[in-house]
Amino acid sequence: MAILVLGGAGYIGSHTVYELIDSGADVVIADNLQTGYIQAVHPKARFYKGDIRDKAFLDNLFKQEKFEAVIHFAANSLVGESMVEPLKYYDNNLCGTMVLLKSMVENGIDNIVFSSTAATYGEPESIPILETDKTEPTNTYGETKLSMEKMFKWVSKAHGLRYVSLRYFNACGAHVSGEIGEAHNPESHLIPIILQVPNGQREAVSVFGDDYNTKDGTCVRDYIHVTDLAQAHILAVNYLKKGNESNIFNLGNGVGFTVNEVIETARKVTGHPIPAVIAPRRAGDPAILIASSEKAKKVLGWKPEHDSLEEIIASAWKWHKNHPKGFEK
C-alpha cells in the first residue's frame, strides 16, 4: 500500500516525500507542476502529472494504485496574490479539494493529512496561538484553507473519512543533502529573499515596518525547518492508520524571531553584510505570530530536531548558494 502525496513536487511536499522514502514508505506523487518542479521529485517515487480538479485523472489514479493515505499539499499559497486573484484560490484550493474528496469517498480512501496554515487564525488574540483560538483569516489564502478544513469536517461526519489538519507557521530551510530546497517564483518568503543579497541577486533586503510593538520594532515570526514539518506529516499518517479520530495541530518551534534577528543571523552564516532598508508596513501583517505546538508534541509525539535559527539558515544557504536559480539550470 502506497501513500499518495498531492503537490509532491513543491517545496514542503518534496521534502515530505524524501522523509517518507527514508522511512521505507512506498510513495506516489501527483502534481500539475504549476508551481512544483520535476527536478524536486524523488527518483524512488512514482510520478503522475495531473490536476486534482480533474476527477477522471484522480479516479484513474485511485484504480491504478492502492493507497492507505493521502497527504494533500496541492494548493496555491501566496497571500499577496490571493488578495488580487481570490477566484484563482477558490478554484484551485476549494474546488480542487472538493473534487479530491468526492473521488476519495467513491474509491473508499478514508485517511487524509492536510497542509493547512497559521493564516487560518488571522490577527491572534493571544500568544502563543492555540488550536482552540478563534479563526478569522485576514486574507483569501487563509480563508480558503479554513474552508478546506471545514469541508473535511463535514465529509468526515457524512462519510467516515478521517483527517489531520496541520496548521504551520513559517516553513524554511532545505534538505540536509542540498539536493532540494525552496524555489518560488516570485519568491515571497523572508529567508530566501535575504539570501538573494549574498547571492548577488538583490542589493538589499526590505524590512516592512520597524514600528511594531516588538523588542526591535520589526515583526516576530515562528520559523520551522521544512524537514521537521515533513516528519510531522509522517506522524500524522501513522496517527490516522492507528484508527485515531480526526484532529488539528499547530506546527511551529514556539519561539519567535524578529525580522532584524533573522537578517543578523543570515549575516553571521553567510559572512556577508546584507544591507537592510526600512520600508512601509504591509497591510495585514500581524506584529507577532508564534505557535503553541504542545498538542502535536503530546498527541503525535512530534519533536522538532532542527530548531536553531542558525541551522535553518545554514541549510537554506547551502541550497541557494549552489542553486541560485532554484531548479533551473
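The protein appears in an unreviewed UniProt entry as UDP-glucose 4-epimerase from Candidatus Scatousia excrementigallinarum. What the UniProt record of the protein gives under Cofactor (unreviewed entry) is the line "NAD(+)".

### Section: the sheet that holds strand β14 (residues 288–289)
Strand pairs in the sheet, formed through backbone hydrogen bonds, run parallel or antiparallel to each other. Taken together, the three strands give an open sheet; going across it, the order is β12-β9-β14, and neighbouring strands pair in mixed fashion. Each end of this open sheet is capped by a strand with a single partner; those strands are β12 (257–258) and β14.

### Let's talk about the packing of helix α2 (residues 55–64) against helix α4 (residues 86–106)
At a closest axis distance of 10 Å, the pairing of α2 and α4 adopts a crossing angle of 35°. Here the hand of the crossing between α2 and α4 comes out right-handed. Together, Lys55, Leu58, Asp59 and Phe62 of α2 and Val99, Leu100, Lys102, Ser103, Met104 and Glu106 of α4 make up the contact between the two elements. A breakdown of the residues in the contact of α2 with α4 according to their chemical character gives five nonpolar, one polar and four charged.

### Considering empty space enclosed by the protein
Under the defined criterion, the tally for this structure stands at one cavity of 30 Å³ or more. Within this model, the largest cavity holds a volume of roughly 40 Å³. Grouping the constituent residues of the lining of the largest cavity by class yields three nonpolar, no polar and four charged.

### Overview of the packing of aromatic side chains
What the rule picks out here adds up to six aromatic pairs. Taking the centre distance of 5.8 Å and the plane angle of 85° together, the rings of Phe62 and Phe67 count as edge-to-face. Both residues of the pair, Phe62 and Phe67, count as buried. A centroid spacing of 4.9 Å and a plane angle of 50° characterise the contact between Phe114 and Phe152, whose relative ring orientation is tilted. Here Phe152 lies in helix α5 (residues 140–159) and Phe114 lies in strand β5 (residues 111–117), a separation of 38 residues in the sequence. Here Phe114 matches Phe152 in class, with each residue buried. Through a chain of ring-to-ring contacts, three or more aromatic side chains come together here, namely Tyr37, Trp319 and Phe327. Across from the ring centre of Phe249, 5.1 Å away, lies the NZ or CZ of Lys295, which sits over that ring.

### Things to note about the layout of surface pockets
Estimated volume of the second largest pocket: approximately 240 Å³. Together, 17 residues line the second largest pocket, and His184, Gln196, Pro324, Lys325 and Gly326 are the ones closest to its centre. When the residues that make up the lining of the second largest pocket are grouped by side-chain class, the tally is five nonpolar, eight polar and four charged.

### So, the UniProt feature "domain: NAD-dependent epimerase/dehydratase" (unreviewed entry) in the protein
Mapped onto this numbering, the UniProt entry gives "domain: NAD-dependent epimerase/dehydratase" (unreviewed entry) at residues 3–252. Secondary structure content for residues 3–252 is 36% helix and 20% strand, and the end C-alpha separation is 24 Å.

### So, the side chain of Thr16
Considering the arrangement of structural elements, one finds Thr16 in helix α1 (residues 11–22). With a relative accessible area of 0%, Thr16 lands in the buried category. Within the structure, Thr16 has its side chain in polar contact with the backbone oxygen of Ile12 (distance 2.9 Å). Excluding its chain neighbours within four sequence positions, the residues that come into contact with Thr16 are Ile71, Phe73, Ala230 and His233.

Parameters at a glance
Residues numbered from 1 in each chain as written. Predicted model: local features only at pLDDT ≥ 70, side-chain atom pairs only at ≥ 80, totals over all residues. Heavy atoms only, no water. UniProt positions renumbered as here; feature names shortened; annotations may be inferred. Pairing = 2+ DSSP bridges. Helix = DSSP H or I, 4+ residues; strand = E, 2+ residues; numbered from the N terminus. Axes fitted to C-alpha atoms, helices over the stretch in contact; angles between N-to-C directions. Left-handed = near helix turned anticlockwise from the far one by under 90°. Contact = heavy atoms within 4.5 Å. Nonpolar A, V, L, I, M, F, W, Y, C, P; charged D, E, K, R; others polar. 1 Å grid on protein atoms, 1.4 Å probe; cavity = no way out; pocket = protein on both sides within 12 Å on 5 of 7 lines; lining within 4 Å. Points joined across faces, edges and corners; volume = space filled by probe spheres on them. Phe/Tyr/Trp six-rings, centres within 6.5 Å; stacked < 30°, edge-to-face > 60°. Buried < 20%, exposed > 50% of the residue type's maximum accessible area, 1.4 Å probe, protein only. Lys NZ or Arg CZ within 6 Å of the ring centre and 35° of its normal. Polar contact = N/O pair within 3.5 Å; in protein donor to acceptor, adjacent residues only side chain to side chain.

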